[in-house]
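# Analysis of the macromolecular model
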Amino acid sequence: MISEKKAQLSKFLNNLMAFLKIVLCIFLGVIIFTWLVAMFEIESYIPFYDSLNDFFTNISYIFYTPTKDDDENFNAIMYMAIAIVFFLLIFETITDILGDILKLYEKNKEEALEEENERINQEIQKKYKMHLKTAMRFVVMFKLNIVNPLHNTQAFKDEKMEEALRLQAQKMTKEIFSMITMSVKCQIRSNPEMLTLLIDKAENLNKILFFIRSICQVEKYVKNGLGYYMAVTTYLATDSNEKAIADAKELIDMKVNKKILCYQIVSECLNLVPGNNFKAISNGEYTESEDVIYELVNKN
């Protein structure tokens, strides 16, 4: 507040100096004009010249006291002109100083404003991160996509072989689903084709995703043609999870094999987890959705 008042005072004095410089310049211009009139001896052609000359002569006595031998009129006005020039230089110096003060104040004001904006932005980011940590919930939808290599190498369709491969895929599905449901601690909705996991914390999401990804990389499953579709969506703790489940189903239906699809907010939540195992990338591959879709990949 004190700095603000000082700035206002500096601005007022700066404007006052500018006004005084204008007045002095007018006076100096009129003095020069009277000299030129006297020099060319055209006083009779200038109305009010005598009154004007007397006026400046009387004022000039403030700056000069004539002696007996002086040309009273000329010297008095000359000294007044010199005094005016001197005052103009002083006022110009004062104006420069006041201008520097105003610039310094504006700079300090801008720096203070930047600091305040930075503080506000940090506070917003802090609250946003806290919101992500405390209010966000997650839906993980997981569906297996098993295509046994033997199925593609058959020269002729063999019903017994087809049945054997189908039973093997069912067994693998049950085995993997059982490992997940028995190992992770969260609410799970299951059917023969898909698991839907409802997770309450980003820390748990990171662990569960890493666990499922690790299972899917087991060599015996990979050799038997294991693939999968996986999606992660979010919802607020105060809202229903049905919209998030529907969004996850849309991502699953895109049938992007062996990739974890999500939206950016999932990545933001995971980035708040110490030791997070995933990062989000966008490669522009998914054009079916209006929103930008990301893929979660291992950091290492």
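## With respect to the environment of F138
Assignment of secondary structure puts F138 in strand β1 (residues 136-144). C-alpha separation for the pair F138 and L236, spaced 98 residues apart in sequence, amounts to 8.6 Å. Discounting chain neighbours no more than four positions away, the residues touching F138 are L197, L198, I199, K201, A202, L205, T233, T234, Y235 and C269.

## Some thoughts on the environment of L102
Relative to the helices and strands, L102 is located in helix α3 (residues 72-135). As for L102 and Q8, which are separated by 94 residues in sequence, their C-alpha atoms are 9.0 Å apart.

## Notes on helix α9 (residues 264-271)
Those residues of α9 lying buried are V266, S267, C269 and L270. Seen from one end, α9 has its buried residues packed into an arc of 160 degrees, which puts them on one side.

## Side note on the pattern of salt bridges
Scanning the model with the defined rule gives seven salt bridges in all. Residues E116 and R119 are paired through a salt bridge, measuring 2.7 Å at the closest nitrogen-oxygen approach. Taken together, the residues E116 and R119, both in helix α3 and three residues apart, mark about one turn of the helix. Under the relative-accessibility criterion, R119 is labelled partly exposed at 44%. The residue E242 makes a salt bridge to R189 at a minimum N-O spacing of 3.6 Å.

## Structural notes on the pairing of strand β7 (residues 294-298)
Each regular strand displays side chains that alternate between the two surfaces of the sheet. Here β7 lies mainly inside the structure; four of its five residues are buried. Both strand β5 (residues 259-262) and β7 contribute to a ladder of three bridges, which runs antiparallel. Note on β7: the bridge partner recorded for L261 is E295. Pairing of strand β6 (residues 278-281) with β7 involves four bridges; the strand directions are antiparallel. Note on β7: the bridge partner recorded for K279 is V297.

## Concerning the nonpolar core
F142, I176, I180, L205 and L209 are the most contacted members of the largest nonpolar core, which totals 35 residues. If you list the elements that add at least two residues to this core, you get β1, α5 (159-183), β3 (194-199), α6 (202-216), β4 (228-236), β5, α9 and β7. When residues of this core are assigned to their parent elements, the largest contribution, seven residues, is made by α6. Ignoring any residue separated from it by four or fewer positions in sequence, one finds L209 in contact with V140, M230, V232, I260, F278 and L296. Membership of the second largest hydrophobic core comes to 17 residues, among which are M141, L198, Y235 and I252.

## Some details on the environment of K201
By the secondary structure assignment, K201 is in the loop between β3 and α6. For K201, a relative accessible area of 45% corresponds to the partly exposed category. Sequence-wise, K201 and M136 are 65 residues apart; in three dimensions their C-alpha atoms are separated by 7.4 Å.

## Focus: the confidence of the model for the protein chain
Predicted coordinates in regions of low pLDDT should not be interpreted in detail. Per-residue pLDDT for the protein chain has a mean of 79; in total, 72% of the residues score no lower than 70. Note on residues 68-72: pLDDT under 50 across the span, and four contacts to partners over four residues away in sequence or across chains.

## As for the packing of α6 against α9
As a packed pair, α6 and α9 sit with axes 8 Å apart at the nearest point and diverge in direction by 100 degrees. Viewed along their axes, α6 and α9 adopt a mutual orientation that is roughly perpendicular. Touching A202, L205 and N206 of α6 are V266, C269 and L270, all from α9. Of the residues contributing to the contact of α6 with α9, the split by class is five nonpolar, one polar and no charged.

## With respect to unusual backbone geometry
Where the residue is not glycine, phi is negative for most of them; where a peptide bond is considered, it is trans in most cases. Of note, the phi angle at K255 is positive, near 55 degrees, even though the residue is not glycine. Looking at the element boundaries, K255 is found in the loop between α8 (242-252) and β5.

## Some points on the side chain of N241
Mapped onto the elements of the fold, N241 is located in the loop between β4 and α8. When its relative accessible area of 13% is taken as the criterion, N241 is described as buried. Look past the residues within four positions of N241 in its chain and what remains in contact with it is R189, L198 and Y235.

Rules used throughout
- Residues numbered from 1 in each chain as written.
- Predicted model: local features only at pLDDT ≥ 70, side-chain atom pairs only at ≥ 80, totals over all residues.
- Heavy atoms only, no water.
- Helix = DSSP H or I, 4+ residues; strand = E, 2+ residues; numbered from the N terminus.
- Contact = heavy atoms within 4.5 Å.
- Buried < 20%, exposed > 50% of the residue type's maximum accessible area, 1.4 Å probe, protein only.
- Arc of directions from axis to C-beta.
- Salt bridge = Lys/Arg side-chain N within 4 Å of Asp/Glu carboxyl O.
- Pairing = 2+ DSSP bridges.
- Core = buried A, V, L, I, M, F, W, Y, C linked by side-chain atoms within 4.5 Å.
- pLDDT = per-residue confidence, 0-100.
- Axes fitted to C-alpha atoms, helices over the stretch in contact; angles between N-to-C directions.
- Parallel < 35°, antiparallel > 145°, perpendicular 65-115°, else oblique.
- Nonpolar A, V, L, I, M, F, W, Y, C, P; charged D, E, K, R; others polar.

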